[in-house]
Amino acid sequence: MMLRPAHALLIALLALAAPARAATPAAAEPCRPVEAQGETFTVCTIDLRRQRLRLFWLSDDGKPYGALGTLAEKQGGRLAFAMNAGMYDKDQAPVGLYIEDGHELKRASTADGPGNFHLKPNGIFWVKGERAGVADTARYLRAKMRPDFATQSGPMLVIDGQIHPKIAADGPSQKIRNGVGVPGDGHVAIFAISERPVTFGAFARLFRDDLGCRNALFLDGSVSSLYAPNLGRADISRPLGPLVGALPR
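Just so it is clear, the model here is predicted, and its values are computed rather than measured.

1. Some thoughts on the pattern of salt bridges
- Under the counting rule described, the total for this entry stands at 12 salt bridges.
- For arginine 205, the salt bridge is made with aspartate 170, and the minimal N-O distance between the two is 3.3 Å. Here the residue arginine 205 occupies a position in helix H4 (residues 200-210), and aspartate 170 occupies one in the loop between strand E11 (162-163) and strand E12 (177-182), the gap between them amounting to 35 residues.
- Using a relative accessible area of 53% as the deciding quantity, one classes aspartate 170 as exposed.
- Across the pair aspartate 235 and arginine 233 runs a salt bridge whose closest N-O atoms are separated by 2.9 Å. Of the two residues, aspartate 235 and arginine 233, both sit in the buried class.
- In this structure, a network of salt bridges that share partners links the residues Arg54, Glu100 and Asp101.

Dropping the structure here:
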């Protein structure tokens with residue numbers, strides 16, 4: 001289980017003072033507390049016209065960054081936001097598609113199997129220039145896209161405005177969860193992490209009903225971690241695989 005910093009009281013006080021929903025924050029303060037679905041989340045909104053959103057996996061020494069703090073340190077204070085960005089194996093390698101700087105480092109997986117990744121349809125979060133998107137894996141592959149960055153995870157939470165058909169309204173599984181959705185024309189990407197264990201149903205409804213995302217993707221659970229300097233937050237977790245972060249343009 002992830003070791004989380006003592007920020008719960010700050011989050012609760014901020015949420016009571018300003019229960020914001022989906023308003024876009026200033027680029028310098030991308031993350032904010034949100035009360036929704038009877039739960040507390042931290043939501044980070046990145047405008048790709050104002051900030052550069054990219055993925056990170058291997059550092060210059062060829063080893064995974066592994067931790068948000070390591071990534072922040074290596075970026076020399078330029079990182080405005082970061083989060084774990086897709087499921088990975090015991091060697092911290094992506095389970096499915098992974099593209100960085102236009103180079104495909106891991107091919108897309110269409111295999112069946114156990115676990116959340118294989119709860120199809122799973123999906124892909126991609127970034128190309130000043131636009132981002134979330135698409136189920138089959139649709140992404142049919143489109144023959146050539147993004148700058150992409151990461152595969154699963155399951156999809158929201159597909160064309162509908163909750164994933166295999167996600168129960170409120171099932172028995174409750175975990176800290178994080179994910180990403182893209183509303184509107186794709187110039188904004190919205191990331192969210194729960195502040196306590198939540199169901200898949202509540203997490204999916206957050207993106208559809210409260211954040212206005214017609215498509216959203218589950219990134220991971222239990223290891224879900226956030227780096228948000230505007231909240232004074234840098235989570236510590238088990239070693240991580242792919243990471244997503246926002247830098248100045």
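Having seen the structure, we can now continue with the description.
2. Observations concerning the pairing of strand E13 (residues 188-194)
- Taking burial as the measure, the seven residues of E13 include seven buried ones, the bulk of the element.
- Burial along E13 is two-sided: the residues Val188, Ile190, Ala192 and Ser194 and Ala189, Phe191 and Ile193 are all buried.
- Where strand E2 (residues 39-47) lies against E13, seven bridges are found, and the strand directions are antiparallel. When the bridges of E13 are listed, cysteine 44 appears paired with phenylalanine 191.

3. What about H4?
- Most of H4 is tucked away: nine of the 11 residues are buried.
- Within H4, burial applies to Phe200, Gly201, Ala202, Phe203, Ala204, Arg205, Leu206, Phe207 and Asp210.

4. Quick notes on the environment of serine 59
- Considering the arrangement of structural elements, one finds serine 59 in the loop between strand E3 (51-56) and helix H2 (68-74).
- Taking the C-alpha atoms as reference, serine 59 lies 8.7 Å from lysine 74; in sequence the two are 15 residues apart.
- Not counting residues up to four positions away in its chain, the partners in contact with serine 59 are Tyr65 and Lys74.
- Polar contacts involving the side chain of serine 59 include one to the side chain of aspartate 61, which spans 2.5 Å.

Rules and cut-offs
- Residues numbered from 1 in each chain as written.
- Predicted model: local features only at pLDDT ≥ 70, side-chain atom pairs only at ≥ 80, totals over all residues.
- Heavy atoms only, no water.
- Salt bridge = Lys/Arg side-chain N within 4 Å of Asp/Glu carboxyl O.
- Helix = DSSP H or I, 4+ residues; strand = E, 2+ residues; numbered from the N terminus.
- Buried < 20%, exposed > 50% of the residue type's maximum accessible area, 1.4 Å probe, protein only.
- Pairing = 2+ DSSP bridges.
- Contact = heavy atoms within 4.5 Å.
- Polar contact = N/O pair within 3.5 Å; in protein donor to acceptor, adjacent residues only side chain to side chain.

These results come straight from atomic positions and should not be treated as a statement about function.
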